[in-house]
Amino acid sequence: MKVHWTDTAEEHLDAIHDYIALDSPAYAKRMVDRLTRRSMQIADYPLSGHRVPEYDMEQIREIIEGSRRVKSPNSS
């Protein structure tokens, strides 16, 4: 499965980075890297994580990283 980041998701990732970078640019980069790696987990293991509660569909999953949620529709 290939992960595609929507424009909105990229904007959210940028906003997360910018907010954290106010206190720690190094930690902001690490957080973005962690979130990006978690999205790769979805690509490698599409059924990993939990169902997204507001959709309750098998093919839409979420993975939690800290207080942030990475979700992706599953193409399987």
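Small disclaimer: the values here were computed from a predicted structure and weren't measured.

## Looking at the overall build of the protein chain
Point 1. From N to C terminus, the protein chain includes 2 helices and 3 strands.
Point 2. Listing each helix as α and each strand as β along the protein chain from the N terminus yields α-α-β-β-β.
Point 3. In terms of its C-alpha atoms, the protein chain occupies a principal-axis envelope of roughly 40 × 25 × 20 Å.
Point 4. Counting all 76 residues of the protein chain, 28% fall into the buried class.
Point 5. Pairs at least 24 residues apart make up 34% of the contacts formed inside the protein chain by residues separated by at least 6 positions.
Point 6. Of the side-chain charges in the protein chain, 11 are positive and 13 negative, and the distance between the mean point of each set is 6 Å.

Cut-off values and rules
- Residues numbered from 1 in each chain as written.
- Predicted model: local features only at pLDDT ≥ 70, side-chain atom pairs only at ≥ 80, totals over all residues.
- Heavy atoms only, no water.
- Helix = DSSP H or I, 4+ residues; strand = E, 2+ residues; numbered from the N terminus.
- Buried < 20%, exposed > 50% of the residue type's maximum accessible area, 1.4 Å probe, protein only.
- Contact = heavy atoms within 4.5 Å.
- Lys, Arg positive; Asp, Glu negative; His and termini not counted.
- Charge placed at Lys NZ, Arg CZ, Asp CG, Glu CD.

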